[in-house]
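Letter by letter, the chains look like this.
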Amino acid sequence: MGKKRNYAPLNKMFAWVRRQSAKVNAFLAAALCLCALVALKLLIHDHNHFFVASEAIHFAGILVLIYKLSTRKTCSGLSLKTQELTAVFLAARLCCSVFMEGDIHTVLDFVTLVSTLWVVYMIRFKLKSTYISDLDNMPLYYVAVPSAILAVLVHPYTQHGRISRILWAFGVYSESVSVLPQLRMMQNAKMIEPFTANYVFALGVARFLGFAHWFIKVMHDVLFGGQLVSFKTITGS
């Protein structure tokens, strides 16, 4: 009885949230994310840790997929297009990391890229009979082309070459939308397998930490007079 009373306020809160409209829930989610960003900014001084944690959690999510593919011998519920887009942005980011940083990020990106390519290989060839292509119907150019255009227009302003800066921006933008084909497939299937749900949850946490790293860096540069973003349409360069 004591335990039930302890959980009563939490259950009431969840019930109240479920009764709200989609717009109210979206506002609450945005407010919660903003509060989380502020808390991370205040509590953690080295914001580079966010990016490392994002990469590590993403790799942990890939390990979940590898375990599923290896033990259950099925790729049902997995989006091949999300994995291919993931491989593309990891390859782009790895190229930049090799020439621009060459640190722990490079190692994590390389390991995650190799693991993702293995997942793509398994879905395309070894477990092709269990892949439901009809449900994985979001065209890749819907997310890849806008990411490429945005990368050309808006990219980091650093001492590195322009191609490297655009490639890095493309990796950031395509990473943020790479999960969309997987979400579309889950919507079409109207069901979520436990392993797939765990993978998507890991992606969500990784994307939030990656966004936190990017957002806090932008705000830091803006507030302290740094120059992060280069607009081609404004500079003409």
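Here is what the cut-offs are and how they apply
Residues numbered from 1 in each chain as written. Predicted model: local features only at pLDDT ≥ 70, side-chain atom pairs only at ≥ 80, totals over all residues. Heavy atoms only, no water. Phe/Tyr/Trp six-rings, centres within 6.5 Å; stacked < 30°, edge-to-face > 60°. Helix = DSSP H or I, 4+ residues; strand = E, 2+ residues; numbered from the N terminus. Buried < 20%, exposed > 50% of the residue type's maximum accessible area, 1.4 Å probe, protein only. Axes fitted to C-alpha atoms, helices over the stretch in contact; angles between N-to-C directions. Left-handed = near helix turned anticlockwise from the far one by under 90°. Contact = heavy atoms within 4.5 Å. Nonpolar A, V, L, I, M, F, W, Y, C, P; charged D, E, K, R; others polar. Salt bridge = Lys/Arg side-chain N within 4 Å of Asp/Glu carboxyl O. Arc of directions from axis to C-beta. pLDDT = per-residue confidence, 0-100. Core = buried A, V, L, I, M, F, W, Y, C linked by side-chain atoms within 4.5 Å. Polar contact = N/O pair within 3.5 Å; in protein donor to acceptor, adjacent residues only side chain to side chain.

A. Up close: the packing of aromatic side chains. Inspection of every chain in the model, using the stated rule, returns 3 aromatic pairs. Taking 5.7 Å as the distance between ring centres and 40° as the angle between the ring planes, the aromatic pair formed by Tyr 67 and Phe 195 counts as tilted. Taken together, the positions of Tyr 67 in helix α3 (residues 48-72) and Phe 195 in helix α9 (residues 194-223) put the pair 128 residues apart, joining distant regions of the chain. We classify Tyr 67 as partly exposed; its relative accessible area is 48%. Classification of Phe 195 as buried rests on a relative accessible area of 17%.

B. Seen up close, the packing of helix α6 (residues 141-153) against helix α7 (residues 162-177). In the contact formed by α6 and α7, the axes pass within 8 Å of each other and the chain directions differ by 140°. Seen from above, α6 lies across α7 with right-handed handedness. Counted together, Val 143, Ala 144, Ser 147, Ala 148, Leu 150, Ala 151 and Val 152 of α6 and Ile 166, Ala 169, Phe 170, Tyr 173, Ser 174 and Val 177 of α7 form the full contact between these two elements. Taken together, the residues that form the contact of α6 with α7 break down as 11 nonpolar, 2 polar and no charged.

C. Structural detail: the pattern of salt bridges. The final tally for this structure, using the stated rule, is 5 salt bridges. Between Glu 55 and Arg 93 there is a salt bridge whose closest N-O contact spans 3.8 Å. Taken together, the positions of Glu 55 in helix α3 and Arg 93 in helix α4 (residues 80-100) put the pair 38 residues apart, joining distant regions of the chain. Each member of the pair, Glu 55 as well as Arg 93, carries the same accessibility label: buried. The partner of Lys 68 in a salt bridge is Glu 193, and the shortest N-O contact between them spans 2.7 Å.

D. Region of the structure containing helix α8 (residues 180-189). Within the sequence span of α8, burial applies to Pro 181, Gln 182, Met 185 and Met 186. Seen along its axis, α8 keeps its buried residues to an arc of 140°; they face one direction. Once α8 ends, the next one or two residues include Lys 190, with phi positive near 60°.

E. Structural view of the confidence of the model for the protein. Considering every residue of the protein, the mean pLDDT works out to 77; 66% of them sit at 70 or more. Within the protein, no element has a lower average pLDDT than helix α10 (residues 232-235), which sits at 37, and none a higher one than helix α5 (residues 104-126), at 90. Under a pLDDT of 50 for its full length, residues 225-237 has, in the predicted model, 26 contacts with residues more than four places off or in other chains.

F. Just the nonpolar core, in detail. Counting 17 residues, the largest nonpolar core has Leu 65, Leu 69, Cys 75, Leu 78, Val 119, Ile 123 and Tyr 199 as its most contacted members. Looking at this core, the elements with two or more residues in it are α3, α5 and α9. At 4 residues, the largest contribution of residues to this core is made by α5. Counting 11 residues, the second-largest nonpolar core is a separate cluster that includes Ala 92, Ala 151, Trp 168 and Val 172.

G. A look at unusual backbone geometry. In the Ramachandran plot, Lys 73 falls in the positive-phi region, its phi being about 55° despite a non-glycine side chain. Looking at the element boundaries, Lys 73 is found in the loop between α3 and α4.

H. Broad picture of the environment of Ile 132. Within the element layout of this structure, Ile 132 appears in the loop between α5 and α6. Judged by relative accessible area, Ile 132 falls into the partly exposed class, the value being 36%. Separated by 56 residues in the primary sequence, Ile 132 and Ser 76 have C-alpha atoms spaced 6.6 Å apart. Each residue touching Ile 132, except ones within four places of it in the same chain, is listed here: Ser 76 and Met 185.

I. Region of interest: the side chain of Thr 106. Among the structural elements, Thr 106 can be located in helix α5. We classify Thr 106 as buried; its relative accessible area is 15%. Thr 106 has contacts with Leu 94, Ser 97 and Val 98, leaving out every residue within four places of it along the chain.

J. Structural view of the environment of Ile 163. Here Ile 163 shows up in helix α7. Note on Ile 163: relative accessible area 67%, which makes it exposed.

K. Expanded view of the side chain of Thr 74. Relative to the helices and strands, Thr 74 is located in the loop between α3 and α4. Overall, Thr 74 belongs to the buried group, its relative accessible area being 19%. A distance of 3.2 Å separates a polar atom in the side chain of Thr 74 from the backbone nitrogen of Ser 76.

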